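Per-entry structural report
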Amino acid sequence: MARSELPYLSRFGRILRDLLRYELGGPLVALIALIIASSALSPRFLEAYNQRILLLQTAPLALLGLGESMIILMGSIDLSPGSTMALAGTISAIAFTRLSYPLHVSILVGVLVGLAVGLVNGLLVTKAKIPSFVATLASLVAGRGMVLTLTEGQPIVGLSQYSVFTGEVAGLPVMVWLFALFGVLNYFLLKRTSVGMLTYAIGGNEEAVRYSGVRVDIVKLLNFSLAGGYYAIAGLMMNARLEVAYPWSGWGYELDAIASCVLGGIMLSGGIGSPLGPVVGSYMLTLLTNVLILLGVNPYFQWVVKGVVLVIAAVALTRGVRYVK
Amino acid sequence: MASEVLVTRGLVKEFPGVVALKGVDFDLRHSEIHALVGQNGAGKSTFVKILAGVYSPTRGKIYVRGSKVSIRSVLDAKRLGITLVHQEATLVPNLSIAENIALGILGKEGGLLKRLGSRELLDTARKYLEVVGLDIDPRTKVESLGIGERQLVQVARALAEDAEIICLDEPTSPLTAVESRRLFEVMKELKTRGKSMVFVTHRVEEVFTVADRVTVLRDGVRVFSSEVSKTDPSEVVRYMLGREPEHFYPAKVSVGAVGGGKPRLRLVGLTVLAEGKGMALKNVTLEVYPGEVLGVVGLLGSGKTELGKALVGMYRVAGGEIYLDGVKVSIKSPVDALRLGIFYIPEDRRREGLVGNMSIAENVILPKVRELSALGLVRVPEREISTARKWIEHLRVVPPKPSFKVMYLSGGNQQKVVIAKALESNAKVLVLDEPTFGVDVGAKIEIRKLVRNLAESGYSIILLTSDVDEAVALSDRVAVLVNGEIVGVYRTSEVSREFLVELLGGSGYGS
């Protein structure tokens, strides 16, 4: 029902209200509030050095979130980001070290692995007709198992050449540029292409889209595959930052990816939210950890804080919204 | 003499984009059956759902046994002794009858402490099943019951909840004539036990079979109330319709080469299986010509929706053939149907026809978005908007704004958007399933005119409807579907509505 409007809105209030109407408005307001609060709490927060670290930490998570957003906007869910990024990173590292492939080929191998995992997820959902939660849960488990089998549980070292990702261009690391580039790409794909529109439509009402004679399954396959590709790039970024491929890299990141979407204002019910949401969401999530470290909060307790923040975001989001499919 | 157990004054209910009730005054006396009638979309269901706490009223007052109350939830309503027997059975199919009856009691205070499956609950269930005349073991699972039995179980549940005021929302719509009569007997029996009932229906003859008083709603307004003994069916119908019925239907100019020429679509011996329900259509043979409206009349459960969905591959065709322009075709999905030019316009347009949170423009171009995009990929907003504008003007969608979200449109305008989508997709055969269902009177007339105009401009139209009058008024020929079988196909110029009603089973048609 119509929300009761305050009779006398201050100018600030009016700006706030207009901003909140925009689908990315809520997350942006929360982000600004968090930045102001953080800089007040810790003077070191806004220092260039700290911001740089923050952005470097955000980049892989942002890619996971952006991939996840395509799936969530379709009304599905993807639990495989963490395992997919690890598998892509590991196989790329194996190609580079054990098989001595050139760096660019190894990177390509990694991306192809991500696309392949995504394609398998998509086929499980569309052809085997398994709910996405279960299909991608299987990928989460099996993917990790493949990583551990391939590495025998040992990290793969000698990846210093992956530093192409951490190298600087125009004052910022390549990774940060990539993160910005994929944000723009995601926006373009979802808001400016036919496939993007169908993605939103499927999330809004899949039955109606089917009855319209649209090839729903192909849109799903495309999105799942593409999301896998995004996760792979996140995996390569991790190789670059650590110069090591850890078999447990990305463990539990599927939840951070979903949290980035939720914090970024994307509804788990599908069809609603901005493609740029995960960019804002993943930054907020990383910022929280960062500030809690700066403040010297017990690292174990940080999980509790994240959980509470997620609940707050979800409550703010789900006002008057349908259930999760 | 009359003691009112329930009174409403100026009840208003607004939904986004529609006002469903515009200030309804209503009263229900002790141990009476008060029928509430009206066309689809008149606000009957909304009204009883407010009484039962499913919806909250936007404005207005409700008095129960003389004191003003506010009903904010179903539990509030139950505490006041009001319960609703829903249109679609709200029973849990995988639980037993006794457990379902227990669910109703559990909601009340202290209910959760009662032991499920105890002798006491079984006895309670048995007692109320007896009242409604059901001789079934209460441990039977609900899924094995027929629709009529389920409806009676719902009534039994209402009684077990100790309800004084029972609202029945179109309880007879899924029932056969025999089942309906049985329900009426139960209702009369309950009346002698001091229960008061609000009986929602759109079948006028039922009012005169069972009710004491009748109130007519039209477009959310109470237009008529009377003792049943002081009125007659034609007066009630007149108030329901609001206008002379003939104004409801456009003049019919047949252009189709019915009988002569070549059929556009021909079904030969079509047999369709519905999941879990067995055979939905048996050996259906039909043809529809260019420029023709073929009406297919059938009651709920006759297989008409299954016919529509089978034509776009959403139900599996188990036997028989489909020919389009003389060529045998195989339709496995709406994608195939769209390629062949067949479009199904669903009855449940909110669930199957529209993406609610998207704009009019996006809904209209949905099947064509790739064609309208540069290289099939990059969207061109101007093209989408101008395409949508063309249809908005042509079909007079209100408000005429391509960016308006369809969830806020009225039922009639939503239907126009779905039709626009079908037309934009270049379909030649339109399958319309209850196109005027849930649409207000004005839009009904417009949509009916549109259906005729489309036929006259060469489309082949299959009109699936349960409304005999609509079928007779709009169709060139009418096929009667009973239990999945075609029992006859007639030219509408040579058949009367009474004859068709008789074929359908002789009951259930008031307006």
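All residue numbers refer to positions counted from 1 along the written sequence of the respective chain. Naming scheme: in the order in which they are written, chains are lettered from A and ligands are numbered from 1. Residues qualify for local features only when their pLDDT is at least 70, as the model is predicted, and side-chain atom pairs are given and counted only at 80 or more; totals for whole chains, interfaces and linings, by contrast, use all residues.

This part is about the overall build of chain B. Each helix is a run of H or I in the DSSP string that is no shorter than four residues. Each strand is a run of E no shorter than two, and both are numbered from the N terminus. Broken down by element type, chain B carries 18 helices and 20 strands. With C-beta atoms placed from the backbone, a residue counts as buried when 20 or more other C-beta atoms lie within 10 Å of its own, as exposed when 12 or fewer do, and as partly exposed for counts between those limits. Buried residues in chain B amount to 48% of all 511 residues. Contact between residues is assigned whenever the C-beta positions, reconstructed from backbone atoms, fall within 7 Å. Counting contacts in chain B only where the partners sit at least 6 residues apart, residues at least 24 apart contribute 70% of the total.

A tally of regular secondary structure across chain A gives twelve helices and four strands. All radius of gyration figures rest on C-alpha atoms, and the globule criterion is 2.2 Å times the number of residues raised to 0.38. Its C-alpha atoms give chain A a radius of gyration of 20 Å, near enough to 20 Å, the size a compact globule of 325 residues would have. In terms of principal-axis extent, the alpha carbons of chain A reach across some 70 × 55 × 35 Å. Every one of the 325 residues in chain A was classed for burial, and the buried ones make up 49%. If you take every contact in chain A between residues at least 6 apart in sequence, the share linking residues at least 24 apart comes to 77%.

This part takes up the interface of chain B and chain A. With 27 residues of chain B in contact, the opposing surface of chain A contributes 21 residues. Those elements giving two or more residues to the side of chain B that touches chain A turn out to be α10 (334-340), α11 (349-353) and α13 (369-372) of chain B. With four residues, α10 of chain B is the single largest residue contributor to the side of chain B that touches chain A. Classification used: nonpolar for Ala, Val, Leu, Ile, Met, Phe, Trp, Tyr, Cys and Pro, charged for Asp, Glu, Lys and Arg, polar for all others including Gly. Taken together, the residues that form the side of chain B that touches chain A break down as 15 nonpolar, six polar and six charged.

A few words on the pairing of strand β16 (residues 342-345) of chain B. Residues and elements named next belong to chain B. Both faces of β16 are covered, namely the face carrying Ile342 and Tyr344 and the face carrying Phe343 and Ile345. As paired elements, β16 and strand β17 (residues 429-433) share four bridges and run parallel to each other. Looking across to β17, one finds that Ile342 is bridged to Val429. Being paired, for any two strands, means DSSP has found at least two bridges between them.

Moving on to the domain arrangement of chain B. By convention, interface size is frequently given as the accessible area that disappears when the constituent parts associate. Either an automatic procedure or a domain database provided the assignment from which the domain bounds are taken. With domains assigned, chain B is organised as domain 1 (4-247) and domain 2 (264-341 + 427-504). If you average the C-alpha positions of domain 1 of chain B and of domain 2 of chain B, the two centres end up 33 Å apart.

Residues and elements named next belong to chain B. Throughout, an axis means a line fitted to C-alpha atoms (over the contacting stretch in the case of helices), and angles, computed between N-to-C directions, take values from 0 to 180 degrees. Closest axis-to-axis distance for the helix α14 (residues 381-395)/helix α15 (residues 411-424) pair is 10 Å, and the angle between their directions is 125°. The pairing of α14 with α15 is recorded here as oblique in orientation. Between α14 and α15 the crossing geometry is right-handed. Two secondary-structure elements touch here, α14 through Thr387, Trp391 and Leu395 and α15 through Lys416, Ile419, Ala420, Leu423 and Glu424. Looking at the contact of α14 with α15, its residues break down into five nonpolar, one polar and two charged. Angle categories are assigned with fixed cut-offs, so that under 35 degrees is roughly parallel, over 145 is roughly antiparallel, 65 to 115 is roughly perpendicular, and the rest are oblique. Each crossing gets its handedness from the near helix: less than a right angle anticlockwise from the far helix is left-handed, clockwise is right-handed.

Any two packed helices are characterised by the angle at which their axes cross and by the distance between the axes. Residue and element names in this part refer to chain B. Put simply, helix α3 (residues 97-106) and helix α4 (residues 119-131) touch, their axes get as near as 9 Å, and they point 95° apart. The angle between α3 and α4 places the two elements in the roughly perpendicular class. On α4, the residues that touch Ile97, Ala98, Ile101 and Ala102 of α3 are Leu121, Leu122, Thr124, Ala125, Tyr128 and Leu129. Class assignment of the residues belonging to the contact of α3 with α4 gives a composition of nine nonpolar, one polar and no charged.

Residues and elements named next belong to chain B. Read from one edge of the open sheet, six strands run β6-β7-β8-β3-β9-β10, paired in mixed fashion. Edge positions in the sheet fall to β6 (82-85) and β10 (221-227), since each has one partner strand and no second. On average, each strand axis in the sheet is tilted by 20° relative to the strand beside it, whichever way the strands run. Bridge count for β6 against strand β7 (residues 165-169) is four bridges, and the pairing is parallel. Within β7, the residue paired with Leu84 across the bridge is Cys167. Sheet contacts for helix α1 (residues 44-51): β3 (33-37), β6, β7, β8 (196-201) and β9 (213-218); angle to β8, the most-contacted strand, approximately 150°.

The next subject is the environment of Lys188 of chain B. With respect to the helices and strands, Lys188 of chain B occurs in helix α6 (residues 177-192). Along the sequence, Lys188 of chain B and Glu470 of chain B sit 282 residues apart, while their C-alpha atoms lie 33 Å from each other.

Moving on, we get to the confidence of the model for chain B. Residues and elements named next belong to chain B. A residue-level look at chain B finds 90% of positions with pLDDT of 70 or above and a mean pLDDT of 86. In this model, residues 506-511 is a region of pLDDT below 50 whose contacts with residues beyond four sequence positions or in other chains number 15 contacts. Note on the complex model: pTM 0.79, ipTM 0.83. The predictor attaches a confidence to each residue, called pLDDT, with possible values from 0 through 100.

With that settled, consider the sheet that holds strand β1 (residues 4-15) of chain B. Residue and element names in this part refer to chain B. Strand order in the open sheet formed by four strands is β2-β1-β4-β5, and the pairing between neighbours is antiparallel. Both outer strands of the open sheet, β2 (18-29) and β5 (67-69), are each paired with one neighbouring strand and no more. Mean inter-strand twist for the sheet, computed between neighbouring axes without regard to direction, equals 25°. Direction of pairing for β1 relative to strand β4 (residues 59-64): antiparallel, over a ladder of five bridges. Note on β4: the bridge partner recorded for Val7 is Tyr63.

Residue pairs spaced three or four apart in an α-helix point in one direction, given the helix's 3.6 residues per turn. Fitting axes to the seven residues ending at a residue and to the seven starting there, one defines the bend at that residue as the angle between these axes. Of all bends in helix α3 (residues 48-73) of chain A, the biggest is about 35°, found at Ala59 of chain A, and the proline Pro60 of chain A comes one to four residues later. One or two positions beyond α3 of chain A, positive phi appears at Gly75 of chain A, with a value near 85°.

Residue and element names in this part refer to chain B. The pairing of β4 with β5 spans three bridges and is classified as antiparallel. The partner of Ile62 across the bridge, within β5, is Val69. Two successive antiparallel strands, β4 and β5, enclose a turn made up of two residues, where Arg65 displays a positive phi of approximately 45°.

Moving on to the confidence of the model for chain A. Per-chain confidence: chain A averages 89 in pLDDT, with 92% of residues scoring 70 or above. Every residue in residues 1-7 of chain A scores below 50 in pLDDT, and together they form one contact with partners more than four places removed in sequence or on other chains.

We now examine helix α8 (residues 194-211) of chain A. In this model, α8 of chain A (18 residues) spans only 17 Å end to end at C-alpha, well below the 26 Å of a helix rising 1.5 Å per residue. Roughly 120° is the biggest bend found in α8 of chain A, and it falls at Asn205 of chain A. Expected span of a helix: the number of residues minus one, times 1.5 Å.

A separate point is unusual backbone geometry. With an omega of -5°, the peptide bond running from Val398 of chain B to Pro399 of chain B counts as cis. Topologically, Pro399 of chain B is positioned in the loop between α14 and α15. Of note in the backbone geometry, Ser100 of chain A takes a positive phi value of approximately 55° without being a glycine. Along the chain, Ser100 of chain A falls in the loop between α4 (81-97) and α5 (103-126). According to the C-beta neighbour criterion, Ser100 of chain A is exposed, with 8 such atoms within 10 Å. The backbone of Asn483 of chain B sits at a positive phi, close to 50°, despite the residue not being glycine. Relative to the helices and strands, Asn483 of chain B is located in the loop between β19 (477-482) and β20 (485-491).

In this description, a nonpolar core means buried residues of the types Ala, Val, Leu, Ile, Met, Phe, Trp, Tyr and Cys, linked to one another by C-beta atoms lying within 7 Å. One finds Leu63 of chain A together with Phe343, Leu430, Val431, Ile461 and Leu463 of chain B to be the most contacted residues of the largest nonpolar core, which totals 161 residues. Counting residues per element, this core draws most heavily on helix α9 (residues 216-242) of chain A, which supplies 14 residues. In this view, Val431 of chain B contacts Gly308, Leu311, Ile342, Phe343, Tyr344, Ile345, Ile462 and Leu464 of chain B; residues no more than four positions away in its chain are not counted. Counting residues in hydrophobic clusters, the runner-up holds 67 residues, among them Val24, Leu121, Val155 and Ile165 of chain B.

Residue placement: Ile272 of chain A occurs in the loop between α10 (253-263) and α11 (277-294). When the 19 C-beta atoms within 10 Å are taken as the criterion, Ile272 of chain A is described as partly exposed. Along the chain, Ile272 of chain A and Gly203 of chain A lie 69 residues apart, while their C-alpha atoms are 7.8 Å from each other. Setting aside its immediate chain neighbours within four residues, Ile272 of chain A contacts Met267 of chain A together with Asn357 of chain B.

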